[in-house]
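Architecture and fold: a report
These are the residues of each chain, in order.
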Amino acid sequence: MPTYPCTGECDYDGVTALDTARRAFGFLLAGPHPISLDGRAIPGLPPRFVPLDQVQELLVHRRCPQRLRDRVWHHLATRSRIEGGPWTVACAGMALPALITIAARLSARHRLETTDLHAAVLAGFLTALAEIDLERPGIMNRLRWAAYRSGHAALREALDAPEPGTPTRVTG
């Protein structure tokens, strides 16, 4: 998925958390030294520094072995936990295809501000990223489910809330 950093004036009205993650990931990939993984440290990657957008393309391919996906996500999550900042943004950027799909599916037939839903999906992903067991297989699948559960909880909360302007009944 191509990412495009905002270069110049940006209009932030209606920008969601996932839009912001996409922009930030684009900044990390821009320039002569994009954020990369050392493929020599991760069996299955090319033995060179591989920019994360190229790693992302490898991981979303159907024929990518689950073991390679887990190795990459183990490495990314570990760097996020140790170094924070750009590596946490990198993880969010790498997960954007899944996070966007989750948000689209959840919002397809329900009312909830897009900004709220995107924020909940991203928050669920980031919370799990900091806590998930990296020694178990299926790291990204478990991160995806955490994002889904968080978005679904926000959706349920919005559906259970009274409509704006609806009088509330006071009993007592």
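1. A short note on the environment of Leu37
Among the secondary structure elements, Leu37 is positioned in strand S1 (residues 36-38). Leu37 sits 38 residues away from His75 along the chain, and the two C-alpha atoms are 8.8 Å apart.

2. Observations regarding the packing of helix H4 (residues 85-107) against helix H5 (residues 114-131)
The interhelical angle for the contact between H4 and H5, taken along N-to-C directions, is 135°, at an axis separation of 9 Å. As far as their axial angle goes, H5 and H4 are oblique. Of the two elements, H4 crosses H5, and the hand of that crossing is right-handed. Facing Thr88, Cys91, Ala92, Ala95, Leu99, Ile102, Ala103, Leu106 and Ser107 of H4, the residues of H5 in contact are Leu117, His118, Val121, Leu122, Phe125, Leu126 and Leu129. Here the residues of the contact of H4 with H5 sort into 13 nonpolar, three polar and no charged.

3. Structural notes on the confidence of the model for the protein chain
In the predicted model, the protein chain carries a mean pLDDT of 89, and 87% of its residues have values of at least 70. Below a pLDDT of 50 lies the segment residues 1-11, which in the model reaches 17 contacts outside its immediate sequence neighbourhood of four places, other chains included.

4. Some remarks on the side chain of Thr16
Topologically, Thr16 is positioned in the segment before helix H1 (17-29). In contact with Thr16, not counting residues within four places along its chain, are Thr114, Thr115 and His118.

5. Points about the packing of aromatic side chains
This model, assessed by the stated rule, comprises two aromatic pairs. Between Trp73 and Phe125, the aromatic rings sit 6.2 Å apart at their centres with planes inclined by 80°, giving edge-to-face as the arrangement. A residue pair is termed long-range when its members are at least 10 positions apart, and Trp73 in helix H3 (residues 66-83) and Phe125 in helix H5 qualify at 52 residues. Seen from their ring centres, Trp145 and Tyr148 are 5.4 Å apart, and the 75° between their planes marks the pair as edge-to-face. In this pair, Trp145 and Tyr148 are both assigned in helix H6 (residues 139-160), three residues apart and thus about one turn of the helix distant.

6. Quick look at the environment of Leu134
Within the secondary structure, Leu134 sits in the loop between H5 and H6. Sequence separation of Leu134 and Ala77 is 57 residues, and the distance between their C-alpha atoms is 7.9 Å. Excluding residues that lie within four positions of it along the chain, Leu134 makes contacts with His74, Ala77, Thr78, Arg81 and Ile139.

7. Remarks on helix H2 (residues 52-60)
Listed as buried for H2 are Leu52, Val55, Gln56 and Leu59. Along H2, the residues classed as buried sweep out an arc of 105° about the axis, all on the same side. Turning to H2, the residues buried within the fold contact H1, S1, strand S2 (49-51), H3 and H4.

8. Focus on the side chain of Ser80
Inspection of the secondary structure puts Ser80 in helix H3. Leave out the neighbours within four places in its chain, and Ser80 touches Trp87, Thr88, Cys91 and Leu129.

9. A word on the pattern of salt bridges
A full pass over the atoms with the stated rule returns three salt bridges. Among the salt bridges present, the one from Arg22 reaches Asp19, with a minimum N-O distance of 3.4 Å. Of this pair, Arg22 and Asp19 are both found in helix H1, three residues apart, which corresponds to roughly one turn of the helix. Of the charged contacts, one joins Asp38 and Arg40 as a salt bridge, the two residues approaching to 2.9 Å between their closest N and O atoms. Classification of Arg40 by relative accessible area gives exposed; the value is 57%.

10. Description of H6
Over its 22 residues, H6 runs 32 Å from end to end, which matches the ideal 32 Å to within 8%, given 1.5 Å per residue. Buried within H6 we find Ile139, Met140, Arg142, Leu143, Ala146, Ala147, Gly151, Ala154, Leu155 and Ala158. Where the residues of H6 are buried, they touch H3, H4 and H5.

The rules behind these values
Residues numbered from 1 in each chain as written. Predicted model: local features only at pLDDT ≥ 70, side-chain atom pairs only at ≥ 80, totals over all residues. Heavy atoms only, no water. Helix = DSSP H or I, 4+ residues; strand = E, 2+ residues; numbered from the N terminus. Axes fitted to C-alpha atoms, helices over the stretch in contact; angles between N-to-C directions. Parallel < 35°, antiparallel > 145°, perpendicular 65-115°, else oblique. Left-handed = near helix turned anticlockwise from the far one by under 90°. Contact = heavy atoms within 4.5 Å. Nonpolar A, V, L, I, M, F, W, Y, C, P; charged D, E, K, R; others polar. pLDDT = per-residue confidence, 0-100. Phe/Tyr/Trp six-rings, centres within 6.5 Å; stacked < 30°, edge-to-face > 60°. Buried < 20%, exposed > 50% of the residue type's maximum accessible area, 1.4 Å probe, protein only. Arc of directions from axis to C-beta. Salt bridge = Lys/Arg side-chain N within 4 Å of Asp/Glu carboxyl O. Expected span 1.5 Å × (residues − 1).

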